[in-house]
Amino acid sequence: MKMKKILFGATAILVGTTLLSACGGNSEDSAANDEKTNITFWAAPNPTQLKYWQEMADEFEKQNEDITVEVTQMKESPSSEATIQSAIASNTAPTLSENINRSFAAQLAASEAILPLEQQASFDTIVEDRNMKQTIDSWKFSDDSQYVLPVYSNPILFGWRLDILNELGINEVPKTYTELLQVVDKVKDTDKALWAKKDLTDPTAWMRWFDFFPLYNAASEGAGFVENNKFSADETAMNNVFELMSTLADENVLRTGEATDPFENGDSIMTDLGPWTFPNWEEKYPELKFGENYTVTAPVVPDALADTEHVSTYADAKGIVMYAQATEEEQEAAMKFLSFVYSDENNDMKLLEMTSLIPARDDATENDTFKAYFEENPAMKVYAENVPYAVPAMDNEKYNDIQQVFGEQAWVPVVRGEKDAKTAVTDARTAVEGALQ
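The rules behind these values
- Residues numbered from 1 in each chain as written.
- Predicted model: local features only at pLDDT ≥ 70, side-chain atom pairs only at ≥ 80, totals over all residues.
- Heavy atoms only, no water.
- Helix = DSSP H or I, 4+ residues; strand = E, 2+ residues; numbered from the N terminus.
- Contact = heavy atoms within 4.5 Å.
- Areas by Shrake-Rupley, 256 points an atom, 1.4 Å probe, with all protein chains shown as cover.
- Lys, Arg positive; Asp, Glu negative; His and termini not counted.
- Charge placed at Lys NZ, Arg CZ, Asp CG, Glu CD.
- Core = buried A, V, L, I, M, F, W, Y, C linked by side-chain atoms within 4.5 Å.
- Buried < 20%, exposed > 50% of the residue type's maximum accessible area, 1.4 Å probe, protein only.
- Axes fitted to C-alpha atoms, helices over the stretch in contact; angles between N-to-C directions.
- Parallel < 35°, antiparallel > 145°, perpendicular 65-115°, else oblique.
- Nonpolar A, V, L, I, M, F, W, Y, C, P; charged D, E, K, R; others polar.
- Pairing = 2+ DSSP bridges.
- Bend = angle between axes of the 7 residues up to and from the residue.
- Polar contact = N/O pair within 3.5 Å; in protein donor to acceptor, adjacent residues only side chain to side chain.
- Phe/Tyr/Trp six-rings, centres within 6.5 Å; stacked < 30°, edge-to-face > 60°.

Student: Describe the overall build of the protein chain, and please don't skip the residues or the numbers.
Tutor: When helices and strands are counted, the protein chain shows 18 helices and 13 strands. In the protein chain, once contacts between residues fewer than 6 apart in sequence are set aside, the share between residues at least 24 apart is 75%. Only carbon and sulfur atoms are counted for the fraction: they give 44% of the accessible area of the protein chain, which is about 20,200 Å². Here the protein chain contributes 34 positively and 75 negatively charged side chains, and the mean placements of these two sets differ by 3 Å.

This is the structure we're talking about:
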């Protein structure tokens, strides 16, 4: 710019203009060569996840000076989903964001707001480098696309109070329905509940991720519920789950009133658990010791299922999506960033240590990188072992409506003892098919 002013002030206008033209062309070429590609990454509204991604971006930029990764925390008011939808509508979406479950991704994919990642050249390499082929398979969408790269997968398992079971004369944690009902026979005449949880009778859609779907996935060996916009549930498995819950309701061993930490306080023998529970227990309930007075296992299964070791369950799992507003240069830079993060298992080790979220990989319990951590945190090891069998949320944009009417018309009436299993299965199909129209 300084040269431009000097030349235009000179008497030799023609020469100056010629020089300016030549100089300007070189300057633009130089600027283009030096220009960085800037990508934006929205981290989940969780301080530990924000810190993790900031560290990943800093390390990446040291090795890739031509790319800048701007990490910010997405807003969670009124919700992170609403924040993302607003950004898409205003054309201010980031290049990448995490905190996306498979159901919300289906909603974004239906509006063509996110890109199918399998079409990116380095996607298969990332999956292979991270050793997540089995884990990611259940994330495939009905159109055979992969819109989400899973970051973490938290299988929903069940906690058991070993001390109370022992007091009842039971030395083995139930794996099948029959074994569970043997516990029920012991519990029903005590002041304890088998499963105390107020949310069991709350029809709110997302509640079903932590009661019905773990049991259904276990009973159906991971079968779908809605696929290709059609009700596809394994009705035999659903009937088995409903019959079990109906029996528990009849035996009065479910407790759905207000209660403060019933499992932790020894009022409930069983509860659904995610791995995020344990950091809180370390501070609030240090007397709870894994393998001594509690343990965690996969959901119980119908007696007809032969395999009680590799049991499917629901995965409270979220991952990263790439937004369609990204330019080709930004897409390439974004995939380069993801390749950097997932080519080194030490980055997953850091994720586990910083966030207590289980990395979505097949080999966590076999990989030496994680060995010391799981030796110190044996309960977390059980979760990591179950990652390959954990099924993420359905890939349907109407998931919220589907799960809401399912809760209202089927699950909650069964838990309250108001509907038998057969009726509930029929009403579930009718309700879900209605929501899909």
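Student: Explain the nonpolar core to me, using residue names and the numbers behind them.
Tutor: Counting residues in each nonpolar core, the largest one holds 115 residues, and the members touching the most others are Trp53, Phe225, Met238, Phe242, Phe337 and Trp411. Aside from chain neighbours lying at most four places away, what touches Phe337 is Ile39, Phe41, Trp53, Met56, Ala57, Phe60, Val69 and Leu96. Residues Phe263, Tyr285, Leu288 and Phe374 belong to the second largest nonpolar core, which totals 22 residues.

Student: Can you lay out the packing of helix H3 (residues 47–63) against helix H13 (residues 328–342) for me, pointing to particular residues and giving the numbers?
Tutor: At a minimum axis distance of 10 Å, the contact between H3 and H13 shows a crossing angle of 105 degrees. Considering the angle they form, H3 stands roughly perpendicular to H13. Mapping the contact onto sequence places Tyr52, Trp53, Met56, Ala57, Glu59, Phe60 and Gln63 in H3 and Ala333, Lys336, Phe337, Phe340, Val341 and Tyr342 in H13. Of the residues that constitute the contact of H3 with H13, the class distribution is ten nonpolar, one polar and two charged.

Student: Requested: an account of the sheet that holds strand S11 (residues 294–297), with residues and values cited.
Tutor: The strands that make up a sheet are held in pairs by hydrogen bonds between backbone atoms, and each pair lies either parallel or antiparallel. The strand order S9-S6-S10-S5-S11 describes an open sheet built from five strands, whose pairing is mixed. Strand pairing shows two members of the sheet lacking a second neighbour, strand S9 (254–255) and S11, which therefore form its edges. Bridge count between strand S5 (residues 157–161) and S11: four bridges; the pairing is antiparallel. Across the sheet, the residue bridging to Gly159 is Val296, located in S11. Each of S5, strand S6 (193–196) and strand S10 (268–273) touches helix H9 (residues 177–187); the most contacted strand, S6, lies at about 105 degrees to it.

Student: Describe helix H17 (residues 399–415), and please don't skip the residues or the numbers.
Tutor: For H17, the principal kink sits at Gly407 and spans about 50 degrees. Tucked inside the fold, the buried residues of H17 contact helix H5 (102–110), helix H10 (212–220), strand S7 (226–227), helix H11 (235–250), S9 and helix H18 (421–436). Positive phi appears at Gly417, one or two residues downstream of H17, with a value of about 75 degrees.

Student: Which residues make up unusual backbone geometry, and what values go with them?
Tutor: Glycine aside, negative phi is the norm for most residues, and most peptide bonds take the trans geometry. Of the consecutive residues Ser77 and Pro78, the connecting peptide bond is found in the cis state with omega at 5 degrees. At Asn99, a position not held by glycine, the phi torsion is positive, near 70 degrees. Mapped onto the elements of the fold, Asn99 is located in strand S3 (residues 96–100). In the Ramachandran plot, Ser356 falls in the positive-phi region, its phi being about 60 degrees despite a non-glycine side chain. On the accessibility criterion, Ser356 (16% relative accessible area) is buried.

Student: If you had to explain H5 to someone new, which residues and values would you point to?
Tutor: In terms of burial, H5 is a largely internal element, seven of the nine residues being buried. What H5 keeps buried is the set Arg102, Ser103, Phe104, Ala105, Ala106, Leu108 and Ala109. On its buried face, H5 sits against helix H4 (80–89), S3 and H17. Capping the start of H5 is the job of one residue whose side-chain oxygen sits 3.1 Å from the backbone nitrogen of Ser103: Asn101.

Student: So, the packing of H11 against H17: which residues are in play, and what are the values?
Tutor: Packing of H11 against H17 brings their axes to within 7 Å, and their N-to-C directions diverge by 45 degrees. With respect to each other, H11 and H17 are oriented oblique. Contacts between H11 and H17 pair Met238, Val241, Phe242, Met245, Ser246 and Ala249 from the former with Phe406, Ala410, Trp411, Val414 and Val415 from the latter.

Student: Just give me the short version of the pairing of strand S12 (residues 313–322), but keep the residues and values in it.
Tutor: Regular strands place side chains that alternate from one sheet face to the opposite one. The element S12 is extensively covered by neighbouring structure, given that ten of its ten residues are classed as buried. Here S3 runs beside S12; their pairing, made up of three bridges, is antiparallel. Bridged to Ile100 within S12 is Gly319. With six bridges joining them, strand S4 (residues 149–155) and S12 adopt antiparallel strand pairing. Bridge pairing in S12 links Tyr152 to Lys318. One ladder, built from two bridges, connects S12 with strand S13 (residues 390–391); its direction is parallel. Across the sheet, the residue bridging to Thr313 is Ala390, located in S13.

Student: Please set out the environment of Asn400 residue by residue, giving values where relevant.
Tutor: Structurally, Asn400 can be placed in helix H17. With 76 residues separating them in the primary sequence, Asn400 and Ala324 have C-alpha atoms 24 Å apart.

Student: Give me the packing of aromatic side chains: which residues, what numbers.
Tutor: Applying the stated criterion across every chain, the model contains 33 aromatic pairs. Taking 5.5 Å as the distance between ring centres and 85 degrees as the angle between the ring planes, the aromatic pair formed by Phe225 and Phe406 counts as edge-to-face. With Phe225 in the loop between H10 and S7 and Phe406 in helix H17, this pair connects stretches of sequence that are 181 residues apart. Judged by relative accessible area, Phe225 falls into the buried class, the value being 5%. Overall, Phe406 belongs to the buried group, its relative accessible area being 1%. Note on Phe278 and Trp281: the rings are 5.5 Å apart at their centroids and 75 degrees apart in plane angle, and the pair reads as edge-to-face.

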